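Working through the structure, step by step
Listed below, chain by chain, are the residues.
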Amino acid sequence: MSSTIAKRHMFLAGYILVPGSHFAGMWRHPYSETDFCDPDLFKDTAVTLERGGFDLAFIPESLSVTTGLSNDYETFLKRGAVGAIRHDPSQLVSLMASVTQSLGFTVTLSTTYMEPYHLARTLSTLDHFSRGRISWNVVTSAGPSNGHNFGHFPKLTSPESYDRAEEILEICRSLWQSWQDGALVADKAAGIYADIGKIRPIDHEGDLFQLRGPLSLPAGPDGEPILMSVGVSPRGRDFSAKWVDVIFAIQADADGMSELRADVRRRAAEKGRDPEKIFLLTAVQPVVGETEAIARARADYLDELICPDVAIAFLSGMIGRDATGFDPETPIDEVLEKTAGASGKGAVDGGAAFPWLDRIRAEDRARNWTLRDIAIRMSRSTSTPRLVGTPEQVADQLEAYFLAEACDGFVITPTHFPGSFDEFSRSVVPILRARGHLREAAQEPLTLRQRLGLQC
Ligand SMILES: Cc1cc2nc3c(=O)[nH]c(=O)nc-3n(C[C@H](O)[C@H](O)[C@H](O)COP(=O)(O)O)c2cc1C
């Protein structure tokens, strides 16, 4: 490799999801904590991630308790599914940033249910308080599940939600740039606190918002937060290509990751951006064992922690058909046949899981896949890869995705919280480090922009 080409580094993020994660049985694991309202738990987790060589703590968002078909949220709450406990992401990041120096953070906040001034200010405060370690995962929060507590908001179609997001990002960027460098003077002798020649209003008159500005905060330590997004529709990909530095993906295999990454990079190049500066982080779930046999036994054991009723409720939401009334031992084909034509009313992501479902059945066409088999399979890691093996085998699998340029890093989904992160740090991280995939620890704390190599 030419010495002028910067070496690619693999990014590692810890997925902060409780009480379930993409593994639905997480809180039931004997090593898991269960008091997810204990601030010390999250402080400890932040320190573990930082010490363990992670780049980021990734905080997702949802604005209601997970809700499946027919407004069913009780099953998800009762069984402690992901989202049954959901702290305000910005407060959680503030807490975790206060005990770390160089760990980056992703705070997920919705453009559909939040106002631009609030978003810009919250993110700017976090950027200051963390000394430039913040990224904003911009989500449009599609699907009725997020809207349950916002009945007074207009229902937006997907294009409308992206129109709103675009205008919000324009506003946030203007607000973040409303103070130029050197605007904060604090000259006690002259009595000049701010140089108003370097602070301008934004005077935004848009289709949806009117704002005067300026922001009541100077620009952050590294200008403005890093932007991330998740959309997979053509409009979502264009949005990523226009605005963001990092894409977060939930993809079942390397082909899906590669296609998304290459497509967003191609769209970005068409818009005049440097495609090499857009990274894709993908969710994976490592199940590590001292030997391969132990890892496989652990994976089987994990499946036993998933309650079939919540798995079936979750699967119903993902396929947009109500399978909750069926005996779990019913063949999945029979369930699909009997629910054909049923509406996906109220589904979180109704229909989104069909390609995944087809792939699972194709693994063994002769097998009589039951509703239980498929539901547990979905609830063990949603549709993200579960990587089972010794630390070397897990490192091999991560390395293969990374070297194939299917992705630029991983969001590690815990199977027990927060021990999964410690386990991964002690077993897999040293191998990745020895193979030269991870950035060497910096002498000084880095901003997230520096860590990603995205300084202007
Ligand atoms: C990988 C992934 C993660 C997501 N995470 C969140 C989230 O944490 N909070 C949220 O409100 N929406 C989340 N969403 C939903 C998105 O905000 C968006 O509304 C949805 O993907 C529809 O956009 P699209 O049609 O362009 O994919 C996520 C979507 C994907 C694909």
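Please refer to the structure higher up on the page.
In this numbering scheme, every chain counts its residues from 1 along its sequence in written order. Given that this is a predicted model, residues contribute local features only at a pLDDT of at least 70 and side-chain atom pairs are listed and counted only at 80 or more, while totals for whole chains, interfaces and linings are drawn from all residues.

The subject of this paragraph is the overall build of the chain. Counting its regular elements, the chain contains 16 helices and 13 strands. A radius of gyration in this sense is built from C-alpha atoms; the matching globule rule multiplies 2.2 Å by the number of residues raised to 0.38. Here the C-alpha atoms of the chain give a radius of gyration of 23 Å, agreeing with the 23 Å that 2.2 N^0.38 yields for 456 residues. By principal-axis analysis of the C-alpha atoms, the chain measures approximately 80 × 55 × 45 Å. The burial label depends on the number of other C-beta atoms within 10 Å of a residue's C-beta. Counts of 20 or more mean buried, 12 or fewer mean exposed, and intermediate counts mean partly exposed, with C-beta atoms placed from the backbone. When the 456 residues of the chain are sorted by exposure, 45% land in the buried category. Considering only intrachain contacts with a sequence separation of at least 6, the fraction spanning at least 24 residues in the chain is 77%. Segments assigned H or I by DSSP are reported as helices when at least four residues long, segments assigned E as strands when at least two residues long, and all are numbered from the N terminus. Residues are treated as contacting if the C-beta atoms built from their backbones sit within 7 Å of each other.

A molecule or strand has a residue near it when that residue's C-beta atom, placed from backbone coordinates, lies within 6 Å of it. Not every one of the 20 residues close to the ligand is listed here, only the nearest: Val139, Ser141, Ala142, Gly231 and Gly236. Of all elements in the fold, only β3 (104–110), α6 (234–243) and β10 (246–249) reach the threshold of two or more residues within the shell around the ligand. In terms of residue class, the shell around the ligand is made up of eight nonpolar, ten polar and two charged. Gly falls in the polar group here, along with every residue not listed as nonpolar (Ala, Val, Leu, Ile, Met, Phe, Trp, Tyr, Cys, Pro) or charged (Asp, Glu, Lys, Arg).

Geometry is summarised by axes, namely lines fitted to C-alpha atoms with helices restricted to the contacting stretch, and by angles between N-to-C directions that run from 0 to 180 degrees. Two numbers describe how helix α4 (residues 116–129) lies on helix α5 (residues 158–176): the axes approach to 9 Å, and their chain directions differ by 50 degrees. With respect to α5, the element α4 is oriented oblique. For α4 against α5, the interelement crossing comes out right-handed. Residues Pro116, Leu119, Ala120 and Ser124 of α4 pack against Ile168, Ile171, Cys172, Leu175 and Trp176 of α5. Of the residues assigned to the contact of α4 with α5, the class counts are eight nonpolar, one polar and no charged. Orientation categories follow fixed angle ranges, with anything under 35 degrees roughly parallel, anything over 145 roughly antiparallel, 65 to 115 roughly perpendicular, and all other angles oblique. Crossing handedness: left-handed means the near helix sits turned counterclockwise from the far one by under a right angle, and right-handed means the same turn made clockwise.

This paragraph deals with the pairing of strand β11 (residues 279–288). Every other side chain in a regular strand lies on the same face of the sheet, so the side chains alternate between the two faces. The buried count for β11 comes to ten of ten residues, which makes it a mostly enclosed element. The side-chain alternation of β11 yields two buried faces, one formed by Phe279, Leu281, Ala283, Gln285 and Val287 and the other by Leu280, Thr282, Val284, Pro286 and Val288. Bridge analysis of β10 against β11 gives four bridges, and the strand direction is parallel. Paired with Ile247 across the bridge in β11 is Leu280. Handedness of the crossover joining β10 and β11 through helix α7 (residues 254–270) is recorded here as right-handed. At least two DSSP bridges between two strands are required for those strands to pair. By convention, a crossover is right-handed whenever its connection, traced from the first strand over the helix to the second and viewed with the strands pointing away, goes clockwise.

Orientation of α6 relative to α7, taken along the N-to-C sense of each, is 55 degrees, at an axis distance of 8 Å. Taken as axis vectors, α6 and α7 run oblique relative to one another. Where α6 crosses over α7, the handedness of that crossing is right-handed. Facing α6, whose interface residues are Arg237, Asp238, Ser240 and Ala241, α7 presents Asp263, Val264, Arg267 and Ala268. In the contact of α6 with α7, the residues fall into three nonpolar, one polar and four charged.

Without other data, these values stay purely geometric and don't point to any function.
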